[in-house]
Amino acid sequence: MTTATTAPKVYIETVGCQMNVLDSELVVGTLKRQGYVLTDTPADADVILFNTCSVRELAEEKTYSAIGRALPRKRSHPETIVGVIGCMAQKDQEHVRKRAPLVDLVVGTGQLARIPELITAARKTGAPQFALSLGRADGGRHEVEASFESYDPARDPQMRPTPFQAFVRIQIGCDKFCTYCVVPSTRGPEQSRHPDHIVNEVRVLVDQGAKEVTLLGQTVNSYAHDHGDGRTTRLSDLISRMHDIAGLERIKFVTNYPKDMTDDLLDAVRELPKVVKYLHVPVQSGCDDVLKRMKRNYTAGFYREMLARCRERVPGVAVSSDFIVGFCGETEESFRKTVDLVAESKFKNSFIFKYSERPGTKAAGRFPDDVPEAVKKRRNNDLLAVQNANSLADAREWIGRAVEVLVEGPSKVGVKTGGPVRQLVGRTMTDHITVFDGPDRLVGRTVTVDVTDASAFTLFGTARTAEHVGVETTREPEPLAPARRIGLAVV
Ligand code: 5AD
Ligand code: SF4
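Residues numbered from 1 in each chain as written. Chains lettered and ligands numbered in written order. Predicted model: local features only at pLDDT ≥ 70, side-chain atom pairs only at ≥ 80, totals over all residues.

What am I meant to see in the overall build of the protein chain here?
Across its full length, the protein chain holds 18 helices and 21 strands. Over its C-alpha atoms the protein chain spans a radius of gyration of 23 Å, differing by no more than 12% from the 23 Å that the globule rule assigns to 491 residues. Referenced to the eigenvectors of the C-alpha coordinate spread, the extents of the protein chain come out at roughly 65 × 60 × 55 Å. Out of the 491 residues belonging to the protein chain, those deemed buried represent 45%. (Helix = DSSP H or I, 4+ residues; strand = E, 2+ residues; numbered from the N terminus. Rg over C-alpha atoms; globule rule 2.2 N^0.38 Å. Buried ≥ 20, exposed ≤ 12 C-beta atoms within 10 Å, placed from the backbone.)

Here you go:
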């Protein structure tokens with residue numbers, strides 16, 4: 001029970017994409033400004049929040065089980081507020097309450113700013129509170145857009161993956177309407193934030209210690225802010241502006257849409273030294289028929305040309321992709337085409353998902369989910385095997401080379417062993433995960449590492465720490481990155 005002298009406690013569980021991680025940071029930041037403290041244990045929380053994902057069914061099922069685990073707390077302390085927020089809340093609204101009647105708050109992605117006020121209302125009235133944006137067909141474009149607030153309040157460094165890495169939303173929503181995807185409904189129409197707001201936010205983040213920012217958008221390279229006076233700011237313009245911020249060391253952006261990978265953007269990636277030479281550009285399938293049914297609006301041939309253009313304009317760029325296997329009507333022959341594309345494309349890595357039919361999407365209405373689960377599983381494994389072989393070959397090419405690693409913290413092994421020198425982990429400018437032994441004080445720094453070995457997903461090396469020792473003596477050692485506050489399960 002909360003007393004006048006004890007700060008109320010909030011517990012939050014996050015699943016899904018980086019956009020959700022950012023939303024959780026913002027929600028917790030807002031609640032902390034209202035006097036809340038963050039707790040890692042739902043058992044002593046006054047407010048329990050589930051920030052949800054609807055992209056695949058599995059994500060939703062996991063959330064319902066997690067909500068079930070909050071039941072004992074709610075029974076013993078009925079004043080505890082349990083909230084379902086984010087994509088599942090927006091998509092399923094009443095259904096969430098039906099399946100989980102203990103839930104007090106159902107708050108969609110575009111209404112997160114209202115959480116403090118809704119907690120108060122739920123306490124006062126004892127009635128469940130709903131705050132949802134309009135559905136895509138529930139009003140005119142402007143009306144629907146206005147109901148999805150961008151929600152970018154003051155930030156809270158404690159909730160970041162590490163103190164020197166921050167996500168920055170530059171775009172909300174999506175207008176691509178791929179037939180399998182819930183995102184255009186859960187996150188609403190595509191809207192690009194004003195570049196001045198974004199650049200100011202990055203300045204503040206850098207003042208707070210951020211060295212790397214990751215710009216987020218569902219189709220981030222479609223970013224285009226129309227100033228209403230004939231001027232448009234593109235992503236290339238935005239990153240050029242941001243590049244001048246002193247203290248900012250790295251700029252990343254995810255996720256890209258193949259058709260919007262313009263030359264001006266690729267030129268900016270090549271020319272601007274702070275921009276990470278890594279592009280995540282999901283293709284989803286290597287078969288034109290499947291791509292057509294997915295309504296991706298490009299062919300495998302177009303994607304191949306785009307990939308060649310990325311590599312020509314940005315020499316040495318690392319590219320990764322997403323795939324959905326077992327989409328409606330995917331035959332062995334269609335799948336083979338995807339395998340061929342993966343084999344030849346030499347992606348640094350790929351995220352492979354089994355198709356999960358999502359009620360309400362165009363695909364669910366139009367095409368039967370006709371690939372058996374066992375076949376989806378096998379295709380997933382087969383594709384992964386091809387990708388893993390390529391990832392290993394790619395990683396081994398780095399052996400004998402020196403890479404610049406932004407050190408994120410101790411590796412899992414490092415945490416176990418302790419001591420002054422332990423295994424640290426970070427990423428290179430091409431987004432390769434790299435581990436090496438070093439002292440804690442290197443965390444948050446960029447270190448040159450000589451790569452000596454590699455597995456499919458990790459480069460191993462030796463840090464040239466000598467060049468940092470001299471610098472260290474003039475500086476206070478920085479504290480280790482706190483443990484991640486958000487248990488991010490990518491489902
Ligand atoms: N089933 C399986 N995977 C999906 N994705 C999006 N929707 C679905 C779905 N219904 C995948 C796509 C996308 C990634 C974020 O999730 O590959 O790029
Ligand atoms: Fe979903 Fe397609 Fe938009 Fe990506 S581009 S969020 S897959 S609709």
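Quick question: what am I supposed to make of unusual backbone geometry here?
Glycine aside, a negative phi is what most residues show, and trans is what most peptide bonds show. Between V254 and the following residue, T255, the backbone shows a cis peptide bond with an omega angle of -5°. Along the chain, T255 falls in the loop between strand 13 (250-254) and helix 11 (263-271). For N297, which is not a glycine, the phi torsion comes out positive at approximately 70°. Positionally, N297 belongs in the loop between helix 12 (288-294) and helix 13 (300-313). Located in the positive-phi region is D431, a residue other than glycine, with phi close to 70°. Within the secondary structure layout, D431 lies in the loop between strand 18 (421-427) and strand 19 (433-439).

I'm lost on the domain arrangement of the protein chain in this one. Help?
Think of interface size as the accessible area that goes away when the parts come together; that is how it is often given. The domains assigned to the protein chain are domain 1 (9-132), domain 2 (153-276), domain 3 (282-396) and domain 4 (402-468). A straight line from the C-alpha centre of domain 1 to that of domain 4 covers 36 Å. (Domains from an automatic or database assignment.)

Would you explain the site of ligand 2 in this entry?
Residues in contact with ligand 2, as listed here, are C174, K176, F177, C178, C181, V183, P184, Q218, T219 and Y257. Partitioning the shell around ligand 2 into residue classes produces seven nonpolar, two polar and one charged. (Near = placed C-beta within 6 Å. Nonpolar A, V, L, I, M, F, W, Y, C, P; charged D, E, K, R; others polar.)

How should I be thinking about helix 2 (residues 57-69) in this particular structure?
For an α-helix the count is 3.6 residues per turn, leaving residues at separations of three or four pointing the same way. Taking 1.5 Å of rise per residue, 13 residues should cover 18 Å, and helix 2 covers 19 Å from first to last C-alpha, within 8% of that figure. Along helix 2, the positions that sit buried rather than exposed are E60, T63 and I67. Seen end-on, helix 2 carries its buried residues on one side only, within an arc spanning 60°. Exposed residues pointing more than 90 degrees away from the buried face of helix 2 are listed as E61, S65, G68 and R69. Taken together, the buried residues of helix 2 touch strand 3 (47-52), strand 4 (81-86) and helix 4 (87-92). (Expected span 1.5 Å × (residues − 1). Arc of directions from axis to C-beta. Contact = placed C-beta atoms within 7 Å.)

Even after reading the chapter, I still don't get helix 9 (residues 195-207), so can you show me in this structure?
In this model helix 9 runs 18 Å from its N-terminal to its C-terminal C-alpha over 13 residues, within 8% of the 18 Å that 1.5 Å per residue would give. When we look at burial in helix 9, the residues that qualify are I198, V202, L205 and V206. Angular distribution of buried residues about the axis of helix 9 spans 100°; they occupy a single face of the element. Turned more than 90 degrees away from the buried face of helix 9, the exposed residues are D196, N200, V204 and D207. In this structure, the buried side of helix 9 is in contact with strand 7 (165-169), strand 10 (212-216) and helix 10 (235-243). With its phi angle positive at about 115°, G209 sits one or two positions after the end of helix 9.

For this particular structure, what's the right way to read the nonpolar core?
Inside soluble globular proteins, nonpolar side chains tend to come together where they are buried. By size, the foremost hydrophobic cluster in this structure holds 104 residues, and its most contacted members are V10, V84, L105, V107, V168 and L216. Among the elements that make up this core, the one with the highest residue count is helix 1 (residues 18-33) (seven residues). Each residue touching L216, except ones within four places of it in the same chain, is listed here: Q18, M19, L22, F167, V168, R169, I170 and V254. (Core = buried A, V, L, I, M, F, W, Y, C linked by C-beta atoms within 7 Å.)

Just to check I follow, could you spell out the sheet that holds strand 10 for this structure?
Sheets are built from strands that pair by backbone hydrogen bonding, the pairs being arranged parallel or antiparallel. Taken together, the three strands give an open sheet; going across it, the order is 7-10-13, and neighbouring strands pair in parallel fashion. Because the sheet does not close on itself, it has two edges, and the strands there are strand 7 and strand 13. Between one strand axis and the next, the sheet turns through 25° on average, direction left out of account. Sheet topology note: the strand 10/strand 13 ladder contains five bridges and is parallel. In the strand pairing of strand 13, E212 is matched with R250. Helix 1 rests against strand 7, strand 10 and strand 13 of the sheet, and its axis sits at about 100° to strand 7. Against the sheet, helix 9 contacts strand 7 and strand 10, and its axis sits at roughly 165° relative to strand 7. (Pairing = 2+ DSSP bridges. Axes fitted to C-alpha atoms, helices over the stretch in contact; angles between N-to-C directions.)

What is the right way to read the pairing of strand 10 from this model?
Looking along a regular strand, one sees the side chains alternate between the two faces of the sheet. Taking burial as the measure, the five residues of strand 10 include four buried ones, the bulk of the element. Bridge analysis of strand 7 against strand 10 gives five bridges, and the strand direction is parallel. Paired with V168 across the strands is L215, a residue of strand 10.

Is there a simple way to explain the sheet that holds strand 6 (residues 129-131) in this structure?
Read from one edge to the other, the open sheet built from six strands follows the order 2-1-3-4-5-6, with strand pairing classed as parallel. This sheet does not close on itself; its edge strands, each paired only once, are strand 2 (37-38) and strand 6. Pairing of strand 1 (residues 9-14) with strand 3 involves five bridges; the strand directions are parallel. Paired with V10 across the strands is V47, a residue of strand 3. Here helix 1 sits on the sheet and contacts strand 1, strand 2, strand 3 and strand 4; the angle it forms with strand 1, its principal contact strand, is near 175°. Lying over the sheet, helix 2 contacts strand 1, strand 3 and strand 4, oriented at roughly 175° with respect to strand 3.

Would you explain the packing of helix 10 against helix 11 in this entry?
At a minimum axis separation of 8 Å, helix 10 and helix 11 run at an interaxial angle of 20°. With respect to each other, helix 10 and helix 11 are oriented roughly parallel. Crossing of helix 10 against helix 11: the hand is left-handed. Residues L235, S236, I239 and S240 of helix 10 form the contact with helix 11, whose own contacting residues are D264, L265 and A268. For the contact of helix 10 with helix 11, the per-class residue count stands at four nonpolar, two polar and one charged. (Parallel < 35°, antiparallel > 145°, perpendicular 65-115°, else oblique. Left-handed = near helix turned anticlockwise from the far one by under 90°.)

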